[in-house]
Amino acid sequence: MAPTPRTNAQAALVDSLNALLADSFALYVKTKNFHWHVRGPQFRDLHLLFDEQAAEIFALTDLIAERVRKNGAATLTSLAALDGKSRIKGQDDSSLSAEAMISELLADNRTYIEGIRQTKAAAGDAGDNATEGLADDWTDQAEQRVWFLSQLLA
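Residues numbered from 1 in each chain as written. Predicted model: local features only at pLDDT ≥ 70, side-chain atom pairs only at ≥ 80, totals over all residues. Heavy atoms only, no water.

Participant: Teacher, can you tell me more about the packing of helix α2 (residues 43–70) against helix α5 (residues 129–152) here?
Facilitator: How two helices sit against one another is set out by the angle between their axes and by the gap between those axes. Contact geometry of α2 with α5 gives a least axis separation of 12 Å together with a crossing angle of 165°. If you check the angle between α2 and α5, you find them roughly antiparallel. In the crossing of α2 with α5, the sense of the turn from one axis to the other is left-handed. Counting all contacts with α2, which are made through L46, L49, F50, Q53, E56, I57, L60, L63, I64 and R67, the residues of α5 involved are A130, T131, L134, W138, Q141, R145, F148, L149 and L152. Residue composition of the contact of α2 with α5, grouped by class: 13 nonpolar, three polar and three charged. (Axes fitted to C-alpha atoms, helices over the stretch in contact; angles between N-to-C directions. Helix = DSSP H or I, 4+ residues; strand = E, 2+ residues; numbered from the N terminus. Parallel < 35°, antiparallel > 145°, perpendicular 65-115°, else oblique. Left-handed = near helix turned anticlockwise from the far one by under 90°. Contact = heavy atoms within 4.5 Å. Nonpolar A, V, L, I, M, F, W, Y, C, P; charged D, E, K, R; others polar.)

Participant: How should the packing of α2 against helix α4 (residues 98–126) be read in this particular structure?
Facilitator: Look at α2 against α4: their axes get within 13 Å of each other, and the N-to-C directions meet at 25°. As summarised for this structure, α2 and α4 are arranged roughly parallel, according to the angle between their axes. In this structure, α2 crosses over α4, and the sense of that crossing is left-handed. For the pair α2 and α4, the contacting residues are L46, F50, L60 and I64 in the first and A98, M101, I102, L105 and Y112 in the second. The residue inventory of the contact of α2 with α4, partitioned by class, reads nine nonpolar, no polar and no charged.

Participant: Just to check I follow, could you spell out the side chain of K32 for this structure?
Facilitator: Along the chain, the position of K32 falls in helix α1 (residues 8–37). The residues contacting K32, other than those within four sequence positions of it, are D51 and A54.

Participant: I tried to follow the pattern of salt bridges on my own but got confused; where do I start?
Facilitator: Pairing between side chains of opposite charge can happen when the charged atoms of each approach one another. If you walk through the whole model with that rule in mind, you get nine salt bridges. In this structure, the salt-bridge partner of K85 is D15, at a minimum N-O distance of 2.3 Å. Of this pair, K85 sits in helix α3 (residues 79–85) while D15 sits in helix α1, placing them 70 residues apart in sequence. Judged by its relative accessible area of 26%, K85 falls in the partly exposed class. Between D23 and R87 there is a salt bridge whose closest N-O contact spans 2.7 Å. Of this pair, D23 sits in helix α1 while R87 sits in the loop between α3 and α4, and the two are 64 residues apart along the sequence. (Salt bridge = Lys/Arg side-chain N within 4 Å of Asp/Glu carboxyl O. Buried < 20%, exposed > 50% of the residue type's maximum accessible area, 1.4 Å probe, protein only.)

From the geometry alone we can't say anything about function, so treat these as descriptive.
Pasting the structure below:
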């Protein structure tokens with residue numbers, strides 16, 4: 001069976017969803033990395049917070065990928081493809097301070113929110129009200145992460 005032809009708006013939505021998928025994986029890996037490597041007086045609280053946040057982000061990956069598939073397209077299929085598409089950069093330094101980790105996750109979650117908003121706009125342009133509605137929930141989750149992380153730096 002031949003693939004269904006897509007309009008420019010649908011193609012833009014799929015591209016935006018795949019970028020959000022890449023961002024989700026990047027943010028998940030970074031958050032989990034910080035969960036493993038955090039240290040200092042707030043260790044236990046941050047270790048648990050980062051784990052909770054990583055699990056929440058990981059759960060979104062399947063939902064986002066399924067939106068790509070429901071739009072008749074393929075998801076990104078490799079680590080290289082995910083890395084190339086992500087707006088969130090990896091962090092290989094396992095010796096960052098807890099404060100530096102929090103600051104980096106705070107900035108990355110703000111970037112993630114911007115990506116969700118772009119996806120929501122693309123969904124509106126493509127007439128995909130299901131993705132548009134889900135984007136509101138994804139934004140709310142990310143805004144809560146930003147709120148929690150920002151309070152740790154207050």
